[in-house]
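Residue-level structure breakdown
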Amino acid sequence: MTTLRRYYGPDFVVDESLWEGTAPGAPFGIRGHGRKLSFRLLHVFDMAPDGQIKRENVWLDFASILQQLNAPQAA
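Summarised in this report is the structure supplied together with it. (Residues numbered from 1 in each chain as written. Predicted model: local features only at pLDDT ≥ 70, side-chain atom pairs only at ≥ 80, totals over all residues. Heavy atoms only, no water.)

Scanning the protein chain from terminus to terminus reveals 1 helix and 4 strands. Relative to a compact globule of 75 residues, whose C-alpha radius of gyration would be 11 Å, the protein chain shows 16 Å and is clearly more extended. In terms of its C-alpha atoms, the protein chain occupies a principal-axis envelope of roughly 55 × 20 × 15 Å. Burial analysis of the protein chain (75 residues in total) assigns 24% to the buried set. For the protein chain, contacts bridging at least 24 residues in sequence account for 37% of all contacts bridging at least 6. (Helix = DSSP H or I, 4+ residues; strand = E, 2+ residues; numbered from the N terminus. Rg over C-alpha atoms; globule rule 2.2 N^0.38 Å. Buried < 20%, exposed > 50% of the residue type's maximum accessible area, 1.4 Å probe, protein only. Contact = heavy atoms within 4.5 Å.)

Moving on, we get to the pattern of salt bridges. Under the defined criterion, the tally for this structure stands at 4 salt bridges. One salt bridge connects Arg6 with Asp15, and the closest N-O pair in it is separated by 2.8 Å. Owing to a relative accessible area of 6%, Asp15 belongs among the buried residues under this scheme. The residue Glu16 makes a salt bridge to Arg40 at a minimum N-O spacing of 2.9 Å. On the criterion of sequence distance, the pair formed by Glu16 in strand β2 (residues 12-23) and Arg40 in strand β3 (residues 35-47) is long-range, its members being 24 residues apart. Connected through salt bridges with shared partners, the residues Arg5, Glu16 and Arg40 form a single ionic network. (Salt bridge = Lys/Arg side-chain N within 4 Å of Asp/Glu carboxyl O.)

A few words on the nonpolar core. Ala23, Ile30, Leu37, Phe39, Leu41, Ile65 and Leu69 form the largest nonpolar core, which has 7 residues in total. No other element matches β3, which puts 3 residues into this core. When sequence neighbours within four positions are dropped, the list of residues in contact with Leu69 reads Ala23, Pro27, Ile30, Arg31, Gly32, Arg35 and Leu37. (Core = buried A, V, L, I, M, F, W, Y, C linked by side-chain atoms within 4.5 Å.)

All right, on to the pairing of strand β1 (residues 2-9) then. The pairing of β1 with β2 spans 7 bridges and is classified as antiparallel. Among the inter-strand pairings, Arg6 is bridged to a residue of β2, identified as Asp15. Turn length for the β1-β2 hairpin, with the two strands adjacent in sequence and antiparallel, is 2 residues. (Pairing = 2+ DSSP bridges.)

To continue, consider unusual backbone geometry. Despite not being glycine, Phe28 has its phi angle at roughly 60°, a positive value. The topology assignment puts Phe28 in the loop between β2 and β3. Taking relative accessible area as the criterion, Phe28 reaches 47% and is therefore assigned partly exposed.

Here you go:
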């Protein structure tokens, strides 16, 4: 996982990251066949005054994941 951008303020954190690895098994119910996989993630945290995370939302580039896992395998 590589952080691409990070923004923060007194009550929030926004982190955009790139996940890179292999897809063993069936991630998201799609056979990975051990292929290389990379996709972007966006985390948004609402922070409490004491520095604890109040809420976290995560978005991932599922279209990119589908495209990579559904692509024909190289021979």
